[in-house]
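# What the coordinates show
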Amino acid sequence: MMGSTLVTKAYISLTPNLQGQQGAMWNNARCISSNWEVHIQFKVHGATRSWFGDGMAFWYTQERMETGPVFGNQDYFTGLGVFLDTYVNHDEPHNHQHPYISAMVNNGTQSYDHDKDGTHNQIAGCEAQFRNKNYDTYMAVRYEGNTLTVLLDITNKKEWQECFSVEGVKLPAGYFFGLSAATGDVTDQHDVLFFKFYELSTNKDVPHYEGLPEAPLPKPPHVKEEEDKKKKEVDMFWDIVVSVLMIVGTLCVFAVILFCILHKNRLDTKKKYY
């Protein structure tokens, strides 16, 4: 336990509902399993409906017990972070709403871009309305066969719903599990009611991965925005072409009709003189 963390008989509070708080809890033993699943019952709550934050995070990292700017944990971490982000730091519009859950796999060389809510580093994410619920809320993080899956039970239906699943994620055994949370100018209380670890069956013929953490990154948002912009421009061009062709076609039809009418009138006029 570290920082503002408070242990009670019913729960562990990582941060109270106060400004400028950071708290964390870490296990002492390393995880020696290559395939595992963690279940977390948590509660994020506060008095306000519109201004709240910052959020909490699940960690599977080489380092432990280090404070920092990433939801109470250090930046440039080595391992996996799953972020339950409740506050929008990015000034420009997002393509998603908050609260938002995302994952980042880091080999110790990347900085979490807090001002852009980590959108350039995330491997996947989903919107999740988990805040201020009057019932139990849960998250499961499963790592099995190089696939990372995050599941949620936040709708009081007593069933898991997939947030995201990413293949090709490589995490070595021997890292530490942890949870952290932070508040800034806006606040929330971040509570943990339980943390359960499950070892999943392992194929003994598959060797343990021993390299640095790695994962396939989706296209950065700015690249996707550029592609969307180009697609819109192409679509607009073809819309204009189609519109012009329709106008030209309509004018041609009217011209043919007008020609037929004038030609008929000319024939009628000639008949009168005979």
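Anything mentioned here points back to the structure above.
These remarks concern the structure in this document. (Residues numbered from 1 in each chain as written. Predicted model: local features only at pLDDT ≥ 70, side-chain atom pairs only at ≥ 80, totals over all residues. Heavy atoms only, no water.)

## Brief notes about the environment of His-208
- Position of His-208 relative to the elements: it lies in the loop between β14 (189–199) and α1 (221–272).
- Taking C-alpha positions, His-208 is 7.5 Å from Ala-173, a pair spaced 35 residues apart along the chain.
- Among the polar contacts made by the side chain of His-208, one reaches the side chain of Ser-34 at a distance of 2.3 Å. (Helix = DSSP H or I, 4+ residues; strand = E, 2+ residues; numbered from the N terminus. Polar contact = N/O pair within 3.5 Å; in protein donor to acceptor, adjacent residues only side chain to side chain.)

## A few points about the state of the cysteines
- Inspection of every chain in the model, using the stated rule, returns one disulfide.
- With a sulfur-sulfur separation of 1.9 Å, Cys-126 is cross-linked through a disulfide to Cys-163. Between Cys-126 and Cys-163, the disulfide has an S-S torsion of -110° and is therefore left-handed. Here Cys-163 lies in strand β12 (residues 161–167) and Cys-126 lies in strand β9 (residues 124–127), a separation of 37 residues in the sequence. (Disulfide = S-S within 2.5 Å.)

## Notes on the packing of aromatic side chains
- Evaluation of the coordinates by the stated rule reveals 18 aromatic pairs.
- Ring centres of Phe-58 and Phe-177 lie 5.9 Å apart, and the angle between their planes is 35°; this geometry places the pair in the tilted category. Of the two residues, Phe-58 is situated in strand β6 (residues 55–61) and Phe-177 in strand β13 (residues 176–182); the sequence distance between them amounts to 119 residues.
- Using a relative accessible area of 4% as the deciding quantity, one classes Phe-177 as buried.
- Here the aromatic residues Trp-36, Phe-58, Tyr-60, Tyr-143, Tyr-175, Phe-177, Phe-195 and Phe-197 are joined through ring pairs into a cluster of three or more. (Phe/Tyr/Trp six-rings, centres within 6.5 Å; stacked < 30°, edge-to-face > 60°. Buried < 20%, exposed > 50% of the residue type's maximum accessible area, 1.4 Å probe, protein only.)

## Details of unusual backbone geometry
- Put simply, Gly-53 and Asp-54 share a cis peptide bond, and its omega is 0°.
- Positive phi values are uncommon outside glycine, yet Asn-156 reaches one of about 65°.
- Looking at where Asn-156 falls in the secondary structure, it is placed in the loop between β11 (147–153) and β12.
- With relative accessibility at 40%, the residue Asn-156 sits in the partly exposed group.

## Brief notes about a nonpolar patch on the surface
- Together, Met-236, Ile-240, Val-244 and Val-248 give the surface a local cluster of nonpolar side chains, amounting to about 360 Å² of exposed area.
- Mapped onto the elements, Met-236 comes out in helix α1.
- Exposure remark for Met-236: the relative accessible area of 53% places this residue in the exposed category. (Patch = residues over 30% accessible without salt bridge, like charges linked within 9 Å, V, L, I, M, F, W, Y side chains within 5 Å. Areas by Shrake-Rupley, 256 points an atom, 1.4 Å probe, with all protein chains shown as cover. Salt bridge = Lys/Arg side-chain N within 4 Å of Asp/Glu carboxyl O.)

## With respect to the sheet that holds β12
- Strand order in the open sheet made by the seven strands is β2-β3-β14-β5-β10-β11-β12, with antiparallel pairing throughout. Every other strand in the sheet has two partners, leaving β2 (6–7) and β12 as the edge strands with one partner each.
- The pairing of β11 with β12 spans six bridges and is antiparallel. Its bridge partner lying in β12, Leu-151 is registered against Glu-162. (Pairing = 2+ DSSP bridges.)

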